[in-house]
Amino acid sequence: MSTELHTLSNGFRIVTEHMPGLQSASIGVWVSAGGRHERLEQNGIAHFLEHMAFKGTKRRSALQIAEAIEDVGGYINAYTSKELTAYYARVLAADVPLAMDVIGDIVLNGLFDPGEIEVERGVILQEIGQALDTPDDVIFDWLQEAAFPDQAIGRTILGPAERVSGFGRDDLSGFVREHYGPERMILSAAGGVDHATIVRAAEKLFGHLTPGASDSVQKASFTGGERREVKALEQAHFTLALEGPGYRDPAIYTSQIFATAFGGGMSSRLFQEIREKRGLCYTIYAQAGAFSETGMTTIYAGTSADQIGELATITVDEMKRAADDMSEDEVARARAQMKAGMLMGLESPSSRAERLARMVAIWGRVPKLDEIVAQIDAVTTADVRDFAGTMAQANAALALYGPVKQAPRLAELRDRLAA
């Protein structure tokens, strides 16, 4: 497999990876314009714009967009994250030119018809309502807000209903003008693709764009805090986040290995101690997430009202204990899980295209897999113990939802962690 990267004269980047033997391909455009690029009054507009991409262009109706891809047996979709919006398709190799044309069309030529805006507004308001009715979804939004208060990176991707209710055509087209410049776009393709052919097609589709999009973004500051919503639910939902490294910090691999060993699977400390030995919950896990300049080690669990206090304190105690006795075997197992998960995931062209785009967005290049594996292998048990130890001093955020009156306060958990 060969990875190739090319930049057009206007800054638009194309990255591809040919996967021999594949008869299909995944291709898409990733734009560095996500939730954290919104001003307060724009909160939710990046996601709204993603929805509108499929509602008609100057060349195709909404139905024609769907038919163009599905007539050849393909699949098209999009998503919005804090830092990126992606528009992508999976098709047979012979249909890559068609997929490129459709994606280029929806990214560059959206009509933003007022009637379609109203229809999609209703869809998004339903999506917001569904999220609010899903405790183990909404609690992560609240945790993010508690970690990054009064910041774009802390606000929800969907946005509040009152803002979504007010967006119009000028708001959508203004966000495109402000952020959808060629220097902030990456076309990524993997599978049965030819790099030179894709570069030529990209030049025709995107080469005319003029650079100059805004690249300003508010620097993230993990200050932490607490949000507690008491409600008569079946379960008490608990989330705790501690500040971690960003994508570009070499410590990112240590944080990921720690999170995997601590709560990343059935053999992890949290699962074994809290679920298997004590039966305090059905679901519990830890994960390490990251943004450009900061990150979060996050723990989630759902338990009963009378057990949430015990669950929270044992979680903190286990974190303290990890700083003292995380074993070589636990770290080796976590390293193996990380490498296997990464390598198995990359057997899919969709995962490959996603990785290529994200690596170019973060690093401006695509590190070789051997380089990543070497960095994972370089993390020692001492590194992981030291990282666990830093949790006592890290900024923290807590979000609780449901019958959580008996849950300890964030200050109590911080004191216990630091003791």
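Let us look at the structure shown here. (Residues numbered from 1 in each chain as written. Predicted model: local features only at pLDDT ≥ 70, side-chain atom pairs only at ≥ 80, totals over all residues. Heavy atoms only, no water.)

Quick word on empty space enclosed by the protein
Here comes step 1: Enumeration over the complete set of coordinates arrives at two cavities of 30 Å³ or more.
Here comes step 2: If you add up the space inside the largest cavity, you get close to 40 Å³.
Here comes step 3: In terms of lining, the largest cavity is formed by Thr260, Ala261, Ser267, Ser268, Arg269, Glu330, Arg333, Ala334 and Gln337.
Here comes step 4: Among the elements of the structure, helix H9 (252-263) and helix H12 (328-345) are those that each provide at least two residues to the lining of the largest cavity.
Here comes step 5: Broken down by element, the residue count for the lining of the largest cavity peaks at four residues, all from H12. (1 Å grid on protein atoms, 1.4 Å probe; cavity = no way out; pocket = protein on both sides within 12 Å on 5 of 7 lines; lining within 4 Å. Points joined across faces, edges and corners; volume = space filled by probe spheres on them. Helix = DSSP H or I, 4+ residues; strand = E, 2+ residues; numbered from the N terminus.)

Structural notes on the environment of Gly244
Here comes step 1: Within the secondary structure, Gly244 is located in strand S8 (residues 236-244).
Here comes step 2: Accessibility expressed as a relative area gives 15% for Gly244, which makes it buried.
Here comes step 3: C-alpha separation for the pair Gly244 and Met391, spaced 147 residues apart in sequence, amounts to 8.7 Å.
Here comes step 4: When sequence neighbours within four positions are dropped, the list of residues in contact with Gly244 reads Thr294, Gly295 and Met296. (Buried < 20%, exposed > 50% of the residue type's maximum accessible area, 1.4 Å probe, protein only. Contact = heavy atoms within 4.5 Å.)

Some words on the side chain of Asn43
Here comes step 1: In this structure, Asn43 sits in the loop between strand S3 (24-31) and helix H1 (45-52).
Here comes step 2: Residue class for Asn43 comes out buried when judged on its relative accessible area of 5%.

Observations regarding the sheet that holds strand S9 (residues 283-290)
Here comes step 1: With respect to topology, five strands assemble into an open sheet ordered S7-S11-S8-S10-S9, the strand pairing being mixed. Where the open sheet ends on each side, the last strands, each with one partner, are strand S7 (225-230) and S9. Geometrically, the sheet is characterised by an average inter-axis angle of 10° between neighbouring strands, direction not taken into account.
Here comes step 2: In this structure, S9 lies alongside strand S10 (residues 295-303), joined through eight bridges in antiparallel fashion. For Ile284, the partnering residue across the bridge sits in S10 and is Ala301.
Here comes step 3: The strands that helix H16 (residues 410-418) touches are S7, S8 and strand S11 (396-402); relative to S11, the one it contacts most, it runs at about 130°. (Pairing = 2+ DSSP bridges. Axes fitted to C-alpha atoms, helices over the stretch in contact; angles between N-to-C directions.)

A word on the nonpolar core
Here comes step 1: By size, the foremost hydrophobic cluster in this structure holds 51 residues, and its most contacted members are Phe238, Leu242, Ile257, Phe258, Ile274, Ile299 and Met319.
Here comes step 2: The dominant element in this core, judged by the number of residues it contributes, is helix H11 (residues 308-325), at seven residues.
Here comes step 3: Ignoring any residue separated from it by four or fewer positions in sequence, one finds Phe258 in contact with Thr297, Met319, Ala322, Met326, Val384, Phe387 and Ala388.
Here comes step 4: Among the nonpolar cores identified, the runner-up in size contains 50 residues, and Val31, Ile45, Ala53 and Val107 belong to it. (Core = buried A, V, L, I, M, F, W, Y, C linked by side-chain atoms within 4.5 Å.)

Quick look at the pattern of salt bridges
Here comes step 1: Counted according to the given criterion, the structure contains 27 salt bridges.
Here comes step 2: The closest approach of N and O atoms between Lys55 and Glu120, which form a salt bridge, is 3.3 Å. Here Lys55 is found in the loop between H1 and helix H2 (62-70), whereas its partner Glu120 is found in helix H4 (residues 114-132), with 65 residues between them in sequence. Pair check on accessibility: Lys55 and Glu120 agree, each one buried.
Here comes step 3: Of the charged contacts in the structure, one is a salt bridge between Glu226 and Arg228, with a shortest N-O distance of 2.9 Å.
Here comes step 4: Residue Arg228 is classed as buried on the basis of its relative accessible area, which comes to 18%. (Salt bridge = Lys/Arg side-chain N within 4 Å of Asp/Glu carboxyl O.)

As for the pairing of strand S1 (residues 2-7)
Here comes step 1: Here S1 pairs with strand S2 (residues 13-18) via six bridges, running antiparallel. Along S2, the bridge assignment pairs Thr7 with Arg13.
Here comes step 2: The hairpin turn running from S1 into S2, its antiparallel successor, is five residues long, and Gly11 in that turn takes a positive phi close to 100°.

Some points on the environment of Ala78
Here comes step 1: Within the fold, Ala78 resides in strand S4 (residues 75-80).
Here comes step 2: By relative accessible area, which is 8% here, Ala78 ends up buried.
Here comes step 3: With 228 residues separating them along the chain, Ala78 and Asp306 place their C-alpha atoms 41 Å apart.
Here comes step 4: Ignoring any residue separated from it by four or fewer positions in sequence, one finds Ala78 in contact with Glu50, Phe54, Ala86, Tyr87 and Tyr88.

A short note on the packing of H9 against H12
Here comes step 1: One can describe the packing of H9 onto H12 by two numbers: an axis separation of 8 Å at closest approach and a directional angle of 110°. Of the possible angle classes, the one that applies to H9 and H12 is roughly perpendicular. For the pair formed by H9 and H12, the contact residues are Tyr253, Gln256, Ile257, Thr260 and Ala261 on the first element and Glu330, Val331, Ala334, Arg335, Gln337 and Met338 on the second.
Here comes step 2: Partitioned by chemical class, the residues of the contact of H9 with H12 number six nonpolar, three polar and two charged. (Parallel < 35°, antiparallel > 145°, perpendicular 65-115°, else oblique. Nonpolar A, V, L, I, M, F, W, Y, C, P; charged D, E, K, R; others polar.)

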